[in-house]
Amino acid sequence: TGLKELTLPCSTRFANNANNFGNCMNIEKITLTKGTGVMPSYKDIFRLTPWYISRVNLKQLVLEDGIENIGAFMFIYNSSLTDLEMPNSIKTIGASAFDHCTSLNRLIIPKGVTEIQSSAFNGCSKLNEIVFLGNCLDSVGSSAFSTTNKKQRMYFIDKNCVINAAGNVLPTIAGYAKSTAQAY
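In this text, all values refer to a predicted model and were calculated from it rather than measured experimentally.

Draft legend 1. Inspection of the packing of aromatic side chains at higher detail. As enumerated under the stated definition, the model contains three aromatic pairs in all. A centroid spacing of 5.6 Å and a plane angle of 10° characterise the contact between Phe 75 and Phe 98, whose relative ring orientation is stacked. You can see Phe 75 sitting in the loop between strand 4 (69–70) and strand 5 (83–85) and its partner Phe 98 sitting in the loop between strand 6 (92–93) and strand 7 (106–109), a full 23 residues away along the chain. Note on Phe 98: relative accessible area 0%, which makes it buried. Ring geometry for Phe 98 against Phe 121: centres 5.3 Å apart, planes inclined by 5°, an arrangement best described as stacked. With Phe 98 in the loop between strand 6 and strand 7 and Phe 121 in the loop between strand 8 (115–116) and strand 9 (129–132), this residue pair connects regions lying 23 residues apart in the sequence.

Take a look at the structure:
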């Protein structure tokens, strides 16, 4: 169909059938508003999200202020996603939330994020630059940034940043001398 943009509350739960939004294969921009409740997880049922069918056309994702989490598997395999806007209210990025979003090349992680779950950005092969604006990353899940991209760099703005990666492999990290980031 001709639907190019979609705006929904982040807490919208989609029916357990593969026909959500039917043949809307041309969605290029999605805006998720605060809504009520928590963004759902789509583990094992990610094909039910209305943007899955337009995953090769979706280029822009806007998450409005007030959203606190990005649900697991929400945007997995959205291979054309290049523009991701996350508000400071985000605290958790769910498991495999952006897994294999192969067109993402730059990521700004807002200061509110304290947890990035496993495989959140796994397979984002063009992701060269990750900028973390916060001062504490309490938990980084396994393979959160796993990729074959040797140019991938993670930058920490706060010189007192604390990272708890529990032995997980992280990209090359750039930070201030004598800061926690330097340990990686």
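Draft legend 2. The arrangement of the side chain of Asn 122 in detail. Within the secondary structure, Asn 122 is located in the loop between strand 8 and strand 9. A distance of 3.3 Å separates polar atoms of two side chains, one belonging to Asn 122 and the other to Asp 99. Apart from residues no more than four positions distant in its own chain, Asn 122 is found in contact with Phe 98, Asp 99, His 100, Ser 143, Ala 144 and Ser 146.

Draft legend 3. How the structure looks around the sheet that holds strand 1 (residues 5–9). If you walk across this open sheet you meet the four strands as 1-2-3-5, and the pairing is parallel. Each of the sheet's edge strands pairs with one partner strand only, and the pair in question is strand 1 and strand 5. Pairs of neighbouring strands in the sheet enclose a mean axial angle of 10°, with direction left out of account. Here four bridges tie strand 2 (residues 29–33) to strand 3 (residues 60–63), and the two strands are oriented parallel to one another. Each bridged residue has a counterpart across the sheet, and for Ile 30 the counterpart in strand 3 is Leu 61.

Rules of the game
- Residues numbered from 1 in each chain as written.
- Predicted model: local features only at pLDDT ≥ 70, side-chain atom pairs only at ≥ 80, totals over all residues.
- Heavy atoms only, no water.
- Phe/Tyr/Trp six-rings, centres within 6.5 Å; stacked < 30°, edge-to-face > 60°.
- Helix = DSSP H or I, 4+ residues; strand = E, 2+ residues; numbered from the N terminus.
- Buried < 20%, exposed > 50% of the residue type's maximum accessible area, 1.4 Å probe, protein only.
- Polar contact = N/O pair within 3.5 Å; in protein donor to acceptor, adjacent residues only side chain to side chain.
- Contact = heavy atoms within 4.5 Å.
- Pairing = 2+ DSSP bridges.
- Axes fitted to C-alpha atoms, helices over the stretch in contact; angles between N-to-C directions.

Geometric values such as these leave the question of function open.
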